[in-house]
Amino acid sequence: MQAKPQLSGLPSYKPGKPIEEVKKEFGLSKVIKLASNENPFGASPKAAEAIRQAASETAIYPDGYAAFLREKVASKLGVAKNQLVFGNGSDEVIQFLCRAFLSPDTNTVTADPTFSQYKLNATIEGAEVREVPSIDGVHDLDAMLEAIDEKTRIIWVCNPNNPSGTYVNQVAFESFIERVPKHVLVVSDEAYYEYVTAEDYPETLPLLEKYENLMILRTFSKAYGLAALRVGFGVASPKLISLLDPIRPPFNNTTFAHLAAAAALEDEQFITECVAKNTRGLEQFVAFCEKHNLYYYPSQTNFVLIDFKCPGNELFDYLLRRGFIVRSGEALGFPTCVRITIGSEEQNDELFGILEGFLAEKSVQQG
Ligand SMILES: *Cc1c(COP(=O)(O)O)cnc(C)c1O
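Described below are features of the structure shown in this document. Everything numeric in this text was worked out from a predicted model, so none of it was measured. (Residues numbered from 1 in each chain as written. Predicted model: local features only at pLDDT ≥ 70, side-chain atom pairs only at ≥ 80, totals over all residues. Heavy atoms only, no water.)

1. A closer look at the packing of aromatic side chains
Here is step 1: Under the counting rule described, the total for this entry stands at 15 aromatic pairs.
Here is step 2: The rings of Phe86, Phe220, Tyr224 and Phe233 are connected pair by pair, giving a single aromatic cluster.
Here is step 3: One residue, Arg70, lies across the ring of Tyr65, its end atom 3.9 Å from the ring centre.
Here is step 4: Above the face of the Tyr193 ring, Arg218 is positioned so that its terminal group lies 3.6 Å from the ring centre. (Phe/Tyr/Trp six-rings, centres within 6.5 Å; stacked < 30°, edge-to-face > 60°. Lys NZ or Arg CZ within 6 Å of the ring centre and 35° of its normal.)

So this is what it looks like as structure tokens:
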């Protein structure tokens, strides 16, 4: 057997530990997962109801075109139906983009640190990955532009950025895309779009008319609370979408995912309430960090990256034993940080109590 050489030594994705596993391992009856930026308030009850009603419809393949969901998303966003491509999570759309544009004689430009899937999929396609260091967690768009050459095919803007939670504003994004050469696709990954409160966050949909080389990614996995169902989508020019359509596996979303996502999309009140609760939770985190003099990255998302000035894995283990799963910054490019998903008010308070215990132990150790 001879696989692509770029696959050798490629590690598999290490997800946050599953709740049940942690319960068993540490003999805990309650475990709270604040590791993968899932919605702590679940999803609109209308989503589960839609699945329940369709529960027996298992024998027939789903509608590969996702006509039902497509119609709803198109009208909600005010775009044409042929401007959408649905993926099994937006992760899969990232995969389509890499398959379509990247090969061994090309390169792609990303920020560093940023969401891991851009580099992974680009590497699998054999492309060179040009990682441009961020400044205080924020994409250095000028330096990213400078990294472009005639072999560049995709440039990724994770906005807000995972794992830092920081964002690029409208003026910065527009001046950036204006300067990106037309042979380069700009991907604006907006997985946390619903959570953003900054007024100068870019509204990218109107830019699609002007830029045929723009792809916007959104997902139902975060604020909509449907991570288990795997639905995300890309919005772009019809020309770009028609390029991706043949790559998409014919039945890549389940019928249940289509129905639940469509129902969740209509429950605007649920999203409004979750976003308001998240904003208050973020304020709790900011107050906690300020009280304890901890550096945190300003977040426009439902997670906060906090610098505890100790190995991230150490705090990760400490919290795990006490029933909280978070993400160590060590695997995310911020070795002295942990990334914590904002939970419910009670979950946050409980977490802060444990973190205070950790900080007290640390200060005793340091004398
Ligand atoms: C969570 C996340 C995604 C992937 O979401 P899916 O569940 O695959 O839709 C994409 N981009 C970023 C930045 C994310 O944080």
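2. As for the pattern of salt bridges
Here is step 1: Considering all chains together, one arrives at 20 salt bridges under this definition.
Here is step 2: A salt bridge links Glu350 to Lys30, with the nearest nitrogen and oxygen atoms 2.8 Å apart. Taken together, the residues span a long stretch of sequence, with Glu350 in helix α12 (residues 345–365) and Lys30 in the loop between α1 (19–26) and β1 (32–33) at a distance of 320 residues.
Here is step 3: Lys30 sits in the partly exposed class, given a relative accessible area of 46%.
Here is step 4: Here Lys291 ties to Glu356 by a salt bridge, and the two come within 3.2 Å at their closest N and O atoms. Placement of the pair is Lys291 in helix α10 (residues 268–291) and Glu356 in helix α12, with a sequence separation of 65 residues.
Here is step 5: Several salt bridges share partner residues, and in doing so they unite Glu128, Arg130 and Asp149 into one network. (Salt bridge = Lys/Arg side-chain N within 4 Å of Asp/Glu carboxyl O. Helix = DSSP H or I, 4+ residues; strand = E, 2+ residues; numbered from the N terminus. Buried < 20%, exposed > 50% of the residue type's maximum accessible area, 1.4 Å probe, protein only.)

3. Quick word on the side chain of Ser134
Here is step 1: Relative to the elements of secondary structure, Ser134 occurs in the loop between β4 (128–133) and α6 (141–146).
Here is step 2: Residue Ser134 is classed as buried on the basis of its relative accessible area of 18%.

4. A few points about helix α9 (residues 255–266)
Along an α-helix, residues three or four apart share an orientation, since each turn contains 3.6 residues.
Here is step 1: For α9, with 12 residues, the first-to-last C-alpha span of 17 Å sits near the 16 Å given by 1.5 Å per residue.
Here is step 2: For α9, the tally of buried residues reaches 10 of 12 residues, placing the bulk of the element in the interior.
Here is step 3: Along α9, the residues that are buried comprise Thr255, Phe256, Ala257, His258, Ala260, Ala261, Ala262, Ala263, Ala264 and Leu265. (Expected span 1.5 Å × (residues − 1).)

5. A few points about the pairing of strand β3 (residues 107–112)
Here is step 1: Taking burial as the measure, the six residues of β3 include five buried ones, the bulk of the element.
Here is step 2: Note that β3 and β4 share six bridges and pair parallel. Counterpart to Thr110 in the pairing with β4 is Glu131.
Here is step 3: Chirality of the crossover, the property in question, places the unit of β3, helix α5 (residues 116–124) and β4 among those that are right-handed.
Here is step 4: Pairing analysis gives three bridges linking β3 to strand β5 (residues 152–158), with the strands arranged parallel. When the bridges of β5 are listed, Asn107 appears paired with Thr152. (Pairing = 2+ DSSP bridges. Right-handed = clockwise from strand over helix to strand, strands pointing away.)

6. Some words on unusual backbone geometry
Here is step 1: Between Asp112 and the following residue, Pro113, the backbone shows a cis peptide bond with an omega angle of 0°.
Here is step 2: The residue Pro113 is located in the loop between β3 and α5 in this model.
Here is step 3: In this chain, Asn159 is followed by Pro160 through a cis amide linkage whose omega measures -5°.
Here is step 4: Position of Pro160 relative to the elements: it lies in the loop between β5 and α7 (170–179).

7. What about the sheet that holds β4?
Backbone hydrogen bonds hold the strands of a sheet together, and the pairing may be parallel or antiparallel.
Here is step 1: With mixed pairing, the seven strands of this open sheet are ordered in space as β2-β8-β7-β6-β5-β3-β4. Two strands lie at the open edges of the sheet, namely β2 (84–87) and β4, each paired on one side alone. Strand-to-strand twist of the sheet, defined as the mean angle between neighbouring strand axes without regard to direction, takes the value 20°.
Here is step 2: Packing of helix α3 (residues 67–77) onto the sheet brings it into contact with β2, β7 (214–219) and β8 (232–236), and relative to β2 it is tilted by some 125°. (Axes fitted to C-alpha atoms, helices over the stretch in contact; angles between N-to-C directions. Contact = heavy atoms within 4.5 Å.)

8. Description of the pairing of strand β13 (residues 337–341)
Here is step 1: Counting buried residues along β13, five of its five residues qualify, which places the element largely inside the surrounding structure.
Here is step 2: By the alternation rule, side chains of β13 split into Cys337, Arg339 and Thr341 and Val338 and Ile340, which are all buried.
Here is step 3: When strand β10 (residues 303–307) meets β13, the two strands line up antiparallel, connected through five bridges. Its bridge partner being in β13, Leu305 is matched across the sheet by Arg339.

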